[in-house]
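Secondary and tertiary structure notes
Letter by letter, the chains look like this.
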Amino acid sequence: MSESLDTDKLEHQVKSMYRDVAESADAAFHFETGRELAERLGYDPDDLRYVPDAAIDSFAGVGYFFDLAELEPRERVLDLGSGSGMDAFVAGLHVTETGTVTGIDMTDEQVEQASVHAADGGFGNVSFRQAYIEDLPFEDASFDAVISNGVINLSAEKETVFAEASRVLKPGGRLALSDIVSEQQLPESIKSDADLWAACIGGAEQIDSYTTFVEAAGFSVTEIRENAQYEFISERAADACEKYGVKSISLAATK
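Residues numbered from 1 in each chain as written. Predicted model: local features only at pLDDT ≥ 70, side-chain atom pairs only at ≥ 80, totals over all residues. Heavy atoms only, no water.

**Concerning the nonpolar core**
- Among the nonpolar cores identified, the biggest contains 44 residues, and Tyr-43, Phe-66 and Val-246 are the most heavily contacted of them.
- The element contributing the most residues to this core is helix α6 (residues 86-95), with six residues. (Core = buried A, V, L, I, M, F, W, Y, C linked by side-chain atoms within 4.5 Å. Buried < 20%, exposed > 50% of the residue type's maximum accessible area, 1.4 Å probe, protein only. Helix = DSSP H or I, 4+ residues; strand = E, 2+ residues; numbered from the N terminus.)

Structural data, given as C-alpha cells:
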C-alpha cells in the first residue's frame, strides 16, 4: 500500500465511480462495460440469456473465471465486490436453485440495483448486502467458493482481503477471480493517485507480490492465466498499462 495514498479519498473515489456505473452504464469510464465486453472475455451467451439485461449493461469485470471455479449444484458461493450482480447471477445459474450466492459490495447503489435485478429476474437463490471485502460479515467456513472480478485491486489492504476470503471458506474451498496486476512495481505518482486506483490501475499489485499474498492466506495457487482480450480504453489508463505492464489475469486457488 502506498504510504501517501489517502484511503478515505480512495474509498470516496471508488464509491463515486461505481455509483456512476450502477446509475449510468453508458457513461465514459477508464474501462469498458456491458455485454460486448462480457462475451469477449469468455462469458457463455447461453448463460447471459438468463441474466437480467440491466446487470449485463453495468458489468465492469476484467476477465472470466467460471471454468476455473467449477461451481456445482448445492454449493454456497460468495462474490466479493458484486457490483451489478452479473457474476453472482451466473454463479446462481451454475449452483442451481439448490445452492446459494451472496454478493457483497461497499457501494449502496450497486447493492440496491443488484437486489432489484435479482427480484426482477427471479433469482431467489442470489442475495446482496452492503459490506467491505476487508471485513466480511460471515462465520468461518461458511462458503464452498469465493469469486471476485476486478475488485481486489481496488483495496489498499489486499492481504486482509485474502485472509478474510480464506477464513470464510470451508477446508478444500476454492478461490476463483479475475483482477488487474502489473509486471513492474508502480511508481508513487500512480500508487498515490486515487482516481487511478478507482480506475483499477493505481492499486495493481506486482504479480509476484499478488500471488504471495494469496499463498500467505493459506491458499495453493493452481492456475494463473493472462486475459489478453481485456484492455483499458482511456488514454491515461492505457499509457500506464503499456509502461508498467498492467494487465488482467484470472487465478484459481484452493484452501
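**Overview of the environment of Ala-165**
- By the element assignment, Ala-165 lies in helix α8 (residues 158-168).
- Note: C-alpha distance between Ala-165 and Ile-133 (32 residues apart in sequence) is 8.3 Å.
- If sequence neighbours within four positions are ignored, Ala-165 has contacts with Leu-80, Leu-136, Val-146 and Phe-219. (Contact = heavy atoms within 4.5 Å.)

**Details of the pairing of strand β1 (residues 76-80)**
- In terms of residue burial, β1 counts as a mostly covered element, since four of its five residues are buried.
- Note: β1 against strand β2 (residues 100-105), five bridges, orientation parallel. Opposite Arg-76, over in β2, you have Thr-100 as the bridge partner.
- Chirality of the crossover, the property in question, places the unit of β1, α6 and β2 among those that are right-handed.
- Across four bridges, β1 lies against strand β4 (residues 143-149) in parallel orientation. What sits directly across from Asp-79, in β4, is Ile-147. (Pairing = 2+ DSSP bridges. Right-handed = clockwise from strand over helix to strand, strands pointing away.)

**Observations regarding the pattern of salt bridges**
- Summed over all chains, the structure comprises eight salt bridges.
- For the salt bridge of Asp-53 with Arg-35, the shortest nitrogen-to-oxygen distance reads 3.0 Å. Of this pair, Asp-53 sits in helix α4 (residues 53-57) while Arg-35 sits in helix α2 (residues 35-41); the two residues are 18 residues apart in sequence, bridging distant segments of the chain.
- The salt bridge involving Glu-226 is made with Lys-247; its shortest N-O contact spans 3.6 Å. Pair noted here: Glu-226 is in strand β7 (residues 220-226) and Lys-247 is in strand β8 (residues 247-254), with a separation of 21 residues, a long-range link. (Salt bridge = Lys/Arg side-chain N within 4 Å of Asp/Glu carboxyl O.)

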